Amino acid sequence: MSVEETTKNYSDTLNLPRTDFPMRAQLSKREPEILARWQELDLYERLDRRNEGRQRYILHDGPPYANGDIHLGTALNKILKDVIVRYKTMAGFDTHYVPGWDCHGLPIEQRVQNDLGPDILKKSPLEIRLLCEKHAEKYIGIQRDQFKRLGVTGLWQRPYLTMSHEYEVGILEAFREIVARGYVYRGHKPVYWDPIWKTALAEAEVEYQEITSPSIYVRFPVLDADQRPWLQGLKNLSFVIWTTTPWTLPANLAVCLHPDFEYVVAQIGDEHIICAEYLLSGFCEACQLPAPKIVSRHRGAEFEGLHCAHPMIEHKQSLVILGPHVTLEAGTGCVHTAPGHGMEDYLVALKYGLPIFVPVDEDGRFTDDFPMMKGMSVWKANPLIVDHLKEKGLLVGHVPLRHQYPHSWRSHKPIIYRATSQWFMDLSKGVRDRALEAIDREVEWIPAWGRDRIYNMVEMRPEWCLSRQRSWGVPIPAVHCDDCGDATLDLAVIDRLIAIVAREGTNAWFQRPIADFLPDGWACPKCGSRRVEAGKDILDVWFDSGSSHIACLEKDPRLGSPAALYLEGSDQHRGWFQASLLIAIATRDRAPFRTVLTHGFTVDEKGEAMHKSKGNVVDPRDIIKEVGADVLRLWVISEDYRNDIKFSKQILERMSDAYRRIRNTIKFLLGNLWDFNPASDALPYPSLLEMDRWALHELAVLIDRVRKAYDEFEFHKIFHLIHGFCTVEMSAVYLDIVKDRLYCQGPADRERRSAQTVLHEVLDALLRLLAPILVFTTDEAWQYLKRPEPSVHLTDMPAAEAQWRSPDLAARWHRLLDVRSDVSRGLEAVRRTKQIGHSLDAEVHLYPHSDEVRNLLETSRSILDEWFITSGHQILGTPPAEGDGVFRGDHVTVRVVRSPHAKCERCWQHRESVGRNPEGTSLCARCSDVVRRIG
RNA sequence: GGGCGUAUAGCUCAGGUCCGGUUAGAGCGCACCCCUGAUAAGGGUGAGGUCGUUGGUUCGACUCCAACUACGCCCA
């Protein structure tokens, strides 16, 4: 018999690991198979049924927009939600996760319009709406498949859609309640306006092109200089403003100054002008004025309340006001303010209670409100206005300017800013204040700074403009009078609409005659006319999604509002969280969520945002194809999502490494449990070897910490805890050590069963703890455990047994780990000299540095060889000098020598007993005994 | 320009927080070594950080203060 064959034979007597659980994951191939199995199992239904009746924990899904494929950020968001939902489910809650989609809105309408091209002219709003609906349906299907592929579980067959009839009813009910409470009013607001198409445009529909505009400096003569002692006696005193849109001057109502800037009164010839000091010289140069002489300096705030003569309209005045939006980048620091034609002008006008004056009609022509040029287009009026100013001596300078100016994406012609009639939600009648109160009293914000963020936003935001001049959305059921032009919101009309929408959807508003929605004999409340038509405006889509707590949560008896948790990106402090909060406050007088959790944004390795133009966009589908959804999920939880979440090639490689390590640990555990039946083979806790009880203590610590991290949404800690446990406590220490017992002892020996008992507990806990994260891998492994539950997802979170926790045991074994580290370093030093290879070739002489360590070692003698994986040890007295196999560690000095004994061919330990057995084999006493017993 | 954040080894994270004080930790990766009975695995040792920058307070700051820079989100 050759040596090789002998070795092989002894190999056969070992209990080597056995499992078909593959080392290589091949997730991109295996995951779809597991998904199919879940489908067959009806896993979601089983889970959902199991949950029914338990305490609720409702994570309410913020609906993604039903347009395009999912991106990395969407994937991250859904994975985070899924981890929470799955954890809470396994922790004993009824989670009933209903995903949703946001279906209405401009992006889809725009896509449809683009596809239609010029044909759009021939389409009615209703036809456009049908195309939009189709588009949304298509992408809901696409995204749903992509989410499922990520392993996200939920009620995919019955999601909530903001365009469903049921949901639309909910939106209208919310709107009705807000109308009923008197929070909706008609007001004005400037919008981008295309005078060619006579239509409002959204920001996204505006493109910028370079044009030449008249750039003029205009005097606003001060009428009441005598009100300020420091202005008295100054001749020809005026503010000077700068504008590139002379046509907005007729609509001027104010001159706006920055309260904190330094302004000067400057003398130029026989006149005095007021402008920001910083801009004085530049402006004089531009207007080719002689050098000014500074008369006095004042803060902007000191001019507030003065009046100027209106430059275009006789007997009209312009008020001097203050605003923080004034800049020193160009002009004079005195800003011509026309609230009907500029967003900032509008906002500052609201503060001062100025009217929103719009002397321009939908064709871009002046109205009766500016009789001088009535009927003339603003573009034609521009030069005439400049001439007029020159005649009146108000023009200080005129310098044509090339600059970027907004154009319509449809007509490609310059557009104007123009205030139009809109519906608003009134925040001033208590809604804002109650919302602020709720932010502090009713909601936990995670991270805590989310509170400051949304609080400031709600506090500072303008009134909510609810109306949009689009087709794809929920109609605002206003009735417009043909005679007086008044628009009315009538609860009876809304109720009729709601009843019809429940059956037909909101298309009804666009296709049925208005009479269907009017109570008998309905007439315009203002003029009594019966000639009326349906309003064409739709609701802001934020109102759609912001109604979800009514349209989704309140409608489903399994859900209910408020929800336990909303979880979205931090952009939603302005978006969904705020819309939801305002609607809930305005209709239910409370917040719709108890906790709001936010995550950051996915960025590239440099921490920069992902943009198509930058070419750093990552498609989650590519990652899934390359490494699988479980690795992607592992990445999601490994990063602290409260900050920005970085993604890079390197990070993904590290994640794949980490995944492999976890997978291999699972494989090793499975491999050593092939002949272990927990019911009959597990040892009771008191019968376990001490080292094994220590391992259980470590497991208990892991379980406690991981569960705490789950409960506190600190997922990245879970990654580090579990990965560290697999790598350090298990692979590097416990599993490495326990291999001897597992392989070499008799299959049913106490030493082996004790270790297996622990391995089984570890594997069981590990799979459950990881189940919400590695949803595929843990379930794949679970099948090899042959448990009654067909899926790990139908089990509960593990809980550590109280008796496992033993701080005394832990303290003792942590000291032993310290010594082990010294021994390892000593072994390594000798290994470098090639005197030993495997640590089993060595015997270690230990010289403790303290009585405490000596005592520790003396009382641990029976396990020291196993613990160090060496062949023999001695505990000795005075440490020798360092050098030649002697290493001075932190706790012991170690001398490493080659074991003088022969090597057991079975367990590879060097033992005095090797060969001293009746059979005459080159085995140690332990192994010859085992071999004899197993025959 | 405003509001809210972030900035510790190549990567992912700890920590020191409120009471500033000896050599700032872990895992991964990397280098080198060992093993070949977890094997496209496993073990060991080791090298990596002026804790974003600059000032200030202090006997002493990564930790306190200020300014700045970069990056992110939301506004303007």
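Right above here is the structure, for reference.
Quantities reported herein were computed from a predicted structural model and do not represent experimental measurements.

**Q** I keep staring at the protein's contact with RNA strand B and nothing clicks. Help me out?
**A** Surveying the vicinity of RNA strand B reveals 53 residues, the closest of which are Arg453, Gly607, Asp640, His716 and Arg906. The contact atoms of RNA strand B, taken as those within 4 Å of the protein, divide so that sugar and phosphate hold 78%. Separating a base nitrogen of RNA strand B from a side-chain N or O atom of Arg453 is a distance of 2.6 Å. Between RNA strand B and His723 there is a distance of 2.9 Å, counted from a sugar or linking oxygen to a side-chain nitrogen or oxygen. Taken together, the elements giving at least two residues each to the surface near RNA strand B come down to helix H12 (449–460), helix H20 (649–671), helix H23 (715–744) and helix H26 (807–832). Per element, the largest residue contribution to the surface near RNA strand B is ten residues, and it comes from H23. Class assignment of the residues belonging to the surface near RNA strand B gives a composition of 13 nonpolar, 16 polar and 24 charged.

**Q** Which parts of the structure should I look at to understand the state of the cysteines?
**A** Throughout this description, disulfide means a covalent bond between two cysteine sulfur atoms. Under the counting rule described, the total for this entry stands at zero disulfides. For Cys527, which is in no disulfide, the shortest distance to another cysteine sulfur is to Cys481 and amounts to 3.4 Å. A relative accessible area of 38% means that Cys527 is categorised as partly exposed. Of all cysteine sulfurs in the structure, the one in Cys927 sits closest to Cys924, which takes part in no disulfide; the separation is 3.6 Å. You can call Cys924 buried: its relative accessible area is 3%.

**Q** Explain the side chain of Thr893 to me, please; I cannot follow it from the model alone.
**A** The topology assignment puts Thr893 in strand S33 (residues 892–898). Among all residues touching Thr893, those that are not within four sequence positions of it are His845, Leu846, Tyr847, His849, Pro879, Pro880, Val886, Phe887 and Arg888.

**Q** So what exactly am I meant to see when it comes to the pattern of salt bridges here?
**A** Proximity of charged atoms lets side chains of opposite charge pair with each other. Enumeration according to the criterion identifies 67 salt bridges in this entry. A salt bridge links Arg30 to Glu780; the shortest N-O distance between them is 3.2 Å. Separated by 750 residues along the polypeptide, Arg30 in helix H2 (residues 27–41) and Glu780 in helix H25 (residues 775–785) bring together distant segments of the chain. Just as Arg30 is buried, Glu780 falls in that class too. One salt bridge connects Asp82 with Arg633, and the closest N-O pair in it is separated by 2.7 Å. Of the two residues, Asp82 sits in helix H4 (residues 72–90) while Arg633 sits in helix H19 (residues 629–638), which places them 551 residues apart along the sequence. In this structure, Asp82 and Arg633 share a single accessibility class: buried. Each of the salt bridges in this network shares a partner with another, and the network as a whole consists of Asp48, Glu52, Asp94 and Arg558.

**Q** Would you explain the packing of H2 against H25 in this entry?
**A** The geometry of a pair of packed helices is captured by two quantities: the angle between their axes and the separation between those axes. The contact between H2 and H25 brings their axes to 10 Å, and the two run at 70°. Looking at the two axes, H2 sits roughly perpendicular to H25. Contact residues: H2 offers Leu27, Arg30, Glu31, Ile34, Leu35, Arg37 and Trp38, while H25 offers Val775, Phe776, Thr777, Asp779, Glu780 and Gln783. In terms of residue class, the contact of H2 with H25 is built from six nonpolar, two polar and five charged.

**Q** Can you help me understand the nonpolar core in this one?
**A** The tendency in soluble globular proteins is for nonpolar side chains to be buried as a group. Within the largest apolar cluster, 155 residues are counted, with the highest numbers of intra-cluster contacts made by Leu634, Phe715, Tyr734 and Trp867. Those residues in contact with Phe715 that sit more than four places away from it in its chain are Leu80, Val83, Ile84, Ile637, Tyr641 and Tyr710. If you look at the next biggest cluster of nonpolar residues, it comprises 69 residues, including Val184, Leu539, Leu559 and Tyr566.

**Q** Even after reading the chapter, I still don't get the packing of aromatic side chains, so can you show me in this structure?
**A** The description of an aromatic ring pair rests on the distance of the ring centres and on the angle between the ring planes. Here the structure, examined in full by the defined rule, presents 28 aromatic pairs. With a centroid separation of 5.9 Å and an interplanar angle of 70°, the aromatic rings of Trp445 and Phe593 are classed as edge-to-face. Of this pair, Trp445 sits in strand S19 (residues 444–446) while Phe593 sits in strand S27 (residues 593–599); the two residues are 148 residues apart in sequence, bridging distant segments of the chain. In this structure Trp445 comes out as buried when scored by relative accessible area, which is 7%. Ring pairs connect the aromatic residues Tyr87, Tyr641, Tyr710, Phe713 and Phe715, which therefore count as one cluster. The ring of Tyr57 carries Lys88 above its face, with NZ or CZ at 4.5 Å from the centroid. Directly above the ring of Trp193 sits Arg418, whose terminal nitrogen or CZ lies 4.6 Å from the centroid.

**Q** What exactly am I supposed to notice about the sheet that holds strand S26 (residues 563–569) here?
**A** Sheet strands pair via backbone hydrogen bonds, and the direction of the pair is either parallel or antiparallel. Read across the sheet, four strands follow the order S1-S26-S27-S19 without closing on themselves; strand pairing throughout is parallel. What marks the edges here is a single partner per strand, and that holds for strand S1 (59–60) and S19. Bridging between S26 and S27 involves six bridges; their strand directions are parallel. Following the sheet pairing, Tyr566 is matched in S27 by Val596.

**Q** What is the right way to read helix H3 (residues 43–51) from this model?
**A** Looking only at H3, the buried set comprises Leu43, Tyr44, Leu47, Asp48 and Asn51. Viewed end-on, H3 has its buried residues packed into an arc of 130°, placing them on one side of the element. On its buried side, H3 packs onto H2 and H4. Gly53, located one to two residues past H3, shows a positive phi value of around 90°.

Criteria and thresholds
- Residues numbered from 1 in each chain as written.
- Chains lettered and ligands numbered in written order.
- Predicted model: local features only at pLDDT ≥ 70, side-chain atom pairs only at ≥ 80, totals over all residues.
- Heavy atoms only, no water.
- Near = heavy atom within 4 Å.
- Polar contact = N/O pair within 3.5 Å; in protein donor to acceptor, adjacent residues only side chain to side chain.
- Helix = DSSP H or I, 4+ residues; strand = E, 2+ residues; numbered from the N terminus.
- Nonpolar A, V, L, I, M, F, W, Y, C, P; charged D, E, K, R; others polar.
- Disulfide = S-S within 2.5 Å.
- Buried < 20%, exposed > 50% of the residue type's maximum accessible area, 1.4 Å probe, protein only.
- Contact = heavy atoms within 4.5 Å.
- Salt bridge = Lys/Arg side-chain N within 4 Å of Asp/Glu carboxyl O.
- Axes fitted to C-alpha atoms, helices over the stretch in contact; angles between N-to-C directions.
- Parallel < 35°, antiparallel > 145°, perpendicular 65-115°, else oblique.
- Core = buried A, V, L, I, M, F, W, Y, C linked by side-chain atoms within 4.5 Å.
- Phe/Tyr/Trp six-rings, centres within 6.5 Å; stacked < 30°, edge-to-face > 60°.
- Lys NZ or Arg CZ within 6 Å of the ring centre and 35° of its normal.
- Pairing = 2+ DSSP bridges.
- Arc of directions from axis to C-beta.

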